[in-house]
Amino acid sequence: KTALITGATSGIGLATAKLFAKNGVRLILCGRREARLKTLSKTLSEVTEVHTLRFDIRNKDDVFIAIKSLPKEFSEIDILINNAGNAHGLESIENGDPEDWDAMFDIHVKGLLYVTKAILPNMVARESGHIINIGSTAGKEVYPNGNVYCASKHAVDALNEGMRFDLNGKGITVG
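Described below are features of the structure shown in this document. Note that this is a predicted model, so its numbers are computed, not measured.

A short note on the overall build of the protein chain
Summing up its helical and strand segments, the protein chain has five helices and six strands in all. Traced from its N-terminal end to its C-terminal end, the protein chain shows the element sequence β-α-β-α-β-α-β-α-β-α-β. In terms of its C-alpha atoms, the protein chain occupies a principal-axis envelope of roughly 50 × 40 × 30 Å. In the protein chain, which comprises 175 residues, the proportion classed as buried is 43%.

Dropping the structure here:
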């Protein structure tokens, strides 16, 4: 099996990469920080095959170019972990910064869509795959000063449900 993990250089993405490597899953590790990708690749290459892709999921063109650049042995992705995320400017709505709002929606929502769109045609053609969209309890509950973060995570939850409906019967599991 081959898994592509966005936001693989820290947090949940890093923990997922380590667990998958331990279980013999070939890894495509994605992130923005080249040095962290290199270090992680070096460590996990001792356990499994690893390929890294450095790009920012907010840039649609970069996403599609990166996915198309995959070597043949990594081109059939079985598992997609849409994990990249961030929390910017946790402020009350009147004090919020639109730049922070853009960053959260660009990463949590648009980035998830771009990466999925780049990978999904191959999964559909093979009638096989598993997509995991990492959300948050903030996608179910709103809290003070979390207005836009929570809204973006609610969108991830809705996309997850919508993908599940759209891909039902096509051999692709969404969770």
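Additional details are given in the paragraphs that follow.
Side note on a negative patch on the surface
On the surface, Glu91, Asp97, Glu99 and Asp102 cluster together to form a negatively charged patch. By the element assignment, aspartate 102 lies in helix H4 (residues 98–126). Assessed through its relative accessible area of 48%, aspartate 102 is described here as partly exposed.

Let's talk about the packing of aromatic side chains
Tallied over the full model, the rule gives zero aromatic pairs. In this structure, arginine 26 is placed above the aromatic ring of phenylalanine 74, and the distance from its NZ or CZ to the ring centre is 5.8 Å.

Concerning the pairing of strand E5 (residues 129–133)
Here E5 shows one buried face, formed by Gly129, Ile131 and Asn133, and one open face, formed by His130 and Ile132. Pairing geometry for strand E4 (residues 79–82) and E5, over four bridges, is parallel. Paired with isoleucine 81 across the strands is isoleucine 132, a residue of E5. Taken together, E4, H4 and E5 form a β-α-β motif whose crossover is right-handed. In terms of strand pairing, E5 meets strand E6 (residues 172–174) through three bridges, oriented parallel. Bridge pairing links glycine 129 to isoleucine 172 in E6.

Some remarks on the side chain of threonine 48
Position of threonine 48 relative to the elements: it lies in the loop between helix H2 (34–44) and strand E3 (50–54). Given the relative accessible area of 12%, threonine 48 is considered buried. Polar side-chain contacts of threonine 48 include one of 3.0 Å to the backbone oxygen of valine 25. With residues up to four places along the chain from it excluded, the contact list for threonine 48 reads Ala21, Gly24, Val25, Arg26 and Leu27.

Quick notes on the sheet that holds E4
In spatial order, the strands read E3-E2-E1-E4-E5-E6; together these six strands make up an open sheet with parallel pairing. Among the strands making up the open sheet, the edge pair consists of E3 and E6. Ignoring which end each strand starts from, the neighbouring axes of this sheet average 15 degrees apart. When strand E1 (residues 2–5) meets strand E2 (residues 26–31), the two strands line up parallel, connected through four bridges. Directly across from alanine 3, in E2, lies its bridge partner leucine 27. Together, E1, E2 and E4 form the strand contacts of helix H1 (residues 11–22), whose direction differs from that of E1 by roughly 170 degrees. Running over the sheet, H2 touches E2 and E3 and is turned about 175 degrees from E3.

Calculation rules
- Residues numbered from 1 in each chain as written.
- Predicted model: local features only at pLDDT ≥ 70, side-chain atom pairs only at ≥ 80, totals over all residues.
- Heavy atoms only, no water.
- Helix = DSSP H or I, 4+ residues; strand = E, 2+ residues; numbered from the N terminus.
- Buried < 20%, exposed > 50% of the residue type's maximum accessible area, 1.4 Å probe, protein only.
- Patch = residues over 30% accessible without salt bridge, like charges linked within 9 Å, V, L, I, M, F, W, Y side chains within 5 Å.
- Areas by Shrake-Rupley, 256 points an atom, 1.4 Å probe, with all protein chains shown as cover.
- Salt bridge = Lys/Arg side-chain N within 4 Å of Asp/Glu carboxyl O.
- Lys, Arg positive; Asp, Glu negative; His and termini not counted.
- Charge placed at Lys NZ, Arg CZ, Asp CG, Glu CD.
- Phe/Tyr/Trp six-rings, centres within 6.5 Å; stacked < 30°, edge-to-face > 60°.
- Lys NZ or Arg CZ within 6 Å of the ring centre and 35° of its normal.
- Pairing = 2+ DSSP bridges.
- Right-handed = clockwise from strand over helix to strand, strands pointing away.
- Polar contact = N/O pair within 3.5 Å; in protein donor to acceptor, adjacent residues only side chain to side chain.
- Contact = heavy atoms within 4.5 Å.
- Axes fitted to C-alpha atoms, helices over the stretch in contact; angles between N-to-C directions.

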